[in-house]
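Chains, contacts and geometry: an overview
Residue strings, one per chain:
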Amino acid sequence: MTRFAFFNGAIRPIEEARISVMTHAFNYGTGCFGGLRGYWNADQRQLYVFRILDHYRRFLDSGQILLAHLDYSPEDLAAFTLELLRAEGWQEDCYIRPLLYKADETIGVRLHNLRDAVTIFSIPMGRYIPAEEGARACVSSWRRVDDTAIPARGKLIGSYANSALAKSEAVLNGFDEALVLNQDGHLAEGSAANLFMVRNGVLYTPPLSSNVLEGITRRTIIQMAREVLGLDVIEREIDRTELYVADEAFLCGTGAQITALASVDHRPVGNGKLGPVTKSLRDLYFRVVRGQESRYRHWLTPVFETEQTAKEGITG
Ligand code: PMP
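Residues numbered from 1 in each chain as written. Predicted model: local features only at pLDDT ≥ 70, side-chain atom pairs only at ≥ 80, totals over all residues. Heavy atoms only, no water.

Quick look at the overall build of the chain now. A count of helical and extended segments in the chain gives eight helices and 17 strands. Projected onto the principal axes, the alpha-carbon positions of the chain cover approximately 50 × 50 × 30 Å. Relative to its 316 residues, the chain shows a buried fraction of 53%. A fraction of 70% describes how many contacts in the chain between residues 6 or more apart in sequence connect residues 24 or more apart. Carbon together with sulfur atoms contributes 51% to the accessible area of the chain, which is approximately 13800 Å² in total. Side-chain charges of the chain comprise 35 positive and 39 negative groups, with the mean position of each set lying 2 Å from the other. (Helix = DSSP H or I, 4+ residues; strand = E, 2+ residues; numbered from the N terminus. Buried < 20%, exposed > 50% of the residue type's maximum accessible area, 1.4 Å probe, protein only. Contact = heavy atoms within 4.5 Å. Areas by Shrake-Rupley, 256 points an atom, 1.4 Å probe, with all protein chains shown as cover. Lys, Arg positive; Asp, Glu negative; His and termini not counted. Charge placed at Lys NZ, Arg CZ, Asp CG, Glu CD.)

If you want it as structure tokens, here you go:
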């Protein structure tokens, strides 16, 4: 059970981390958030946070879109996060949720002349999508928010009504996950995960200009696929029906990790089983996030202090 939160500049009991119903962000969705994972390595008795500084850089970028003014650097936010996780003492996989929000208790839609606040809490978390080895997806009747309306590249609280509409439609219709087209009719991403497709040994993913979140896992997959698996990775628009004839497809994200798609709109993807490229990437990803791959050790920040970690400082 969660016991603490970072709130009003310090780690406090979670019961004290409360906001008013009059809070601007609660009324208008004027905030942004992040989502990080901590992975427990039982052999090393260590909890590793994955790409902590990259997550906080994107968090502050999302804030920049919302005209937020904060005195915190990514390093400051990482330090608060480590302090929080040490207080919780998680010895299992966990999820970390930072929020930056317009904190004034006032009516009036705007972004300027409002106080910006940050809070961070964490929860134990295993799988976010249960069917990670083969999810059944449908293309949603909802379109992805557009950069001309609500930018999808940042994690803006208000835009998650769009994700929730797509996800609930999919699940209530018997699917595991939704795929969302952008306003141009090309595939953007899942409800809360980026999309990849494999065709003839090449990995494809929609470009960042396709109204997708600038995903940290997406970036991780692109780099590992090139450097370790030696794959060609191409960022280009993907049509809906390309997925129908793809060899493999998967979603990726901090929550979704790497979720293979078994079918799209009732058509099996490939043979409907976990494909070889997706399996290699999943195996590699889980070794990396748990601290079993020295090549990408710099993406991990150990939470619990040992002589070794004190020397390394914060990376990731
Ligand atoms: N797209 C959306 C809409 C998301 O909410 C998420 C989850 N943060 C992702 C993609 C994956 O992003 P990341 O790999 O940074 O977690």
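This is not the end of the story, as more comes after the structure.
This brings us to the packing of aromatic side chains. All chains considered together, the criterion is met by eleven aromatic pairs. Ring centres of Y285 and F286 lie 5.8 Å apart, and the angle between their planes is 70 degrees; this geometry places the pair in the edge-to-face category. Under the relative-accessibility criterion, Y285 is labelled buried at 1%. Residue F286 is classed as partly exposed on the basis of its relative accessible area of 22%. Look at Y296 and W299: their rings are 4.4 Å apart centre to centre, the planes differ by 5 degrees, and that puts the pair in the stacked class. Using a relative accessible area of 4% as the deciding quantity, one classes W299 as buried. Ring pairs connect the aromatic residues F50, Y285, F286, Y296 and W299, which therefore count as one cluster. (Phe/Tyr/Trp six-rings, centres within 6.5 Å; stacked < 30°, edge-to-face > 60°.)

Once that is clear, we can look at the site of the ligand. Around the ligand sit 16 residues, and of these R58, Y160, E189, T217 and T254 come closest. Here a nitrogen atom of the ligand and a side-chain polar atom of K155 are 2.6 Å apart. In the model, a nitrogen atom of the ligand is placed 3.5 Å from a nitrogen or oxygen of the A193 main chain. Expressed as a share of its isolated accessible area of 380 Å², the protein-covered part of the ligand is 97%. Counting only elements with at least two residues in the shell around the ligand, the list comes to α5 (216–227) and β14 (248–253). (Near = heavy atom within 4 Å. Polar contact = N/O pair within 3.5 Å; in protein donor to acceptor, adjacent residues only side chain to side chain.)

A few words now on the environment of L187. Position of L187 among the secondary structure elements: in strand β10 (residues 187–190). The exposure class of L187 is buried, given its relative accessible area of 1%. Put simply, L187 and N211 are 24 residues apart on the chain and 9.3 Å apart in space, counted from C-alpha to C-alpha. Not counting the four nearest positions on each side in its chain, L187 is found in contact with L179, V180, L181, N182, L195, P206, I238, D239, R240 and L243.

The biggest cluster of nonpolar side chains holds 26 residues, and the ones touching the most others in it are L47, V49, I52, Y56, L85, I96 and I120. Broken down by secondary-structure element, the contributors of at least two residues to this core are β4 (36–41), β5 (46–50), α2 (52–65), α3 (74–88), β6 (94–102) and β7 (116–124). Aside from chain neighbours lying at most four places away, what touches L85 is L47, V49, W90, C94, I96, S122, V303 and F304. By size, the runner-up hydrophobic cluster in this structure holds 24 residues, among which are Y48, M224, L281 and W299. (Core = buried A, V, L, I, M, F, W, Y, C linked by side-chain atoms within 4.5 Å.)

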